[in-house]
Amino acid sequence: MDMTGEERISAPRDAVWAALNDPEVLKDCIPGCTLLEWTSPTTLDAVVTVKFGFMSMAFSGVITLSNMNPPESYTISGEGKGGLAGYAKGGADVRLVEDGNDTILHYAIVADVSGKIASLGSKLVQSGANRIASRFFSDFTAAANAKAVA
């Protein structure tokens, strides 16, 4: 499953970068996230419950940041285990481009799922992933804007 796109955020690039690296901001923006905490300067532990169709599944895993180029870009990758629900693995290249007083967040996401979650079918999983991404970016844009104002 692949997703690419961009989001315009009405905040300076430094504020968007700070929000992208603030686990409290991200935890509040990731639907179903109950834990997101630094375990090293480049890794975080995470627990996220996702709902696909009628099924709700909890995943715990590790998120790693690499290719750091502050405040311009990084690669985020993660692996999560959901017990009987299956396994999720993926990553995203994130790039921030200044555009006047705004920031354009470009992303390219690659994800792979296995187990029970994969048995739901690619259309349902893709639809759920699109819904989660849409909500994340809506909430993240609001949080980054608020962080810039503060």
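Attention in this report is confined to the structure presented alongside it. Just so you know, these numbers come straight off a predicted model, no measurement behind them.

**Details of the overall build of the protein chain**
The helix and strand inventory of the protein chain stands at three helices and seven strands. Of the regular secondary structure in the protein chain, the N- to C-terminal order runs β-α-α-β-β-β-β-β-β-α. Taken over the C-alpha trace, the protein chain has a radius of gyration of 15 Å; the compact-globule value for 150 residues is 15 Å, and the two agree within 12%. The dimensions of the protein chain, computed from C-alpha atoms along their principal axes, are 45 × 30 × 25 Å. Burial status across the protein chain gives 38% buried among its 150 residues. The contacts of the protein chain with a sequence gap of at least 6 include a subset with a gap of at least 24, amounting to 51%. Accessible surface, the protein chain as shown: approximately 8,000 Å² in total, 54% of it carbon and sulfur. Separation of charge centres in the protein chain, based on 12 positive and 17 negative side chains, amounts to 9 Å.

**Digging into the pattern of salt bridges**
Counted according to the given criterion, the structure contains five salt bridges. The partner of Arg135 in a salt bridge is Asp139, and the shortest N-O contact between them spans 3.7 Å. Of the two residues, Arg135 and Asp139 are both situated in helix α3 (residues 122–149); the distance of four residues between them amounts to about one turn of the helix. Where salt bridges share partners, they join Arg8, Asp99 and Asp102 into one cluster.

Cut-offs and rules
Counting restarts for each chain, with residues numbered from 1 along the sequence as it is written. Owing to the predicted nature of the model, reporting of local features is limited to residues with pLDDT of at least 70; listing and counting of side-chain atom pairs is limited to 80 or more, with chain, interface and lining totals taken over all residues. No hydrogens and no water enter the side-chain calculation; it runs on all heavy atoms of the structure. Helix numbers and strand numbers start at the N terminus; a helix is a DSSP run of H or I with at least 4 residues, a strand a run of E with at least 2. In this treatment the radius of gyration is a C-alpha quantity, and the globule benchmark scales as 2.2 Å times the residue count to the 0.38 power. Relative accessibility decides the category of a residue: with a 1.4 Å probe and only protein chains considered, values under 20% of the type maximum give buried, values over 50% give exposed, and everything between is partly exposed. Contacts are assigned to residue pairs that have any heavy atoms within 4.5 Å of one another. All accessibility values rest on the Shrake-Rupley procedure with a 1.4 Å probe; residue burial counts only the protein chains present in the view. Residues scored as positive are Lys and Arg, those scored as negative are Asp and Glu, and His as well as the terminal groups of each chain are ignored. In plain terms, the charge of a residue is placed at NZ if it is Lys, CZ if Arg, CG if Asp and CD if Glu. For salt bridges, the criterion is a side-chain nitrogen of Lys or Arg within 4 Å of an Asp or Glu carboxyl oxygen.

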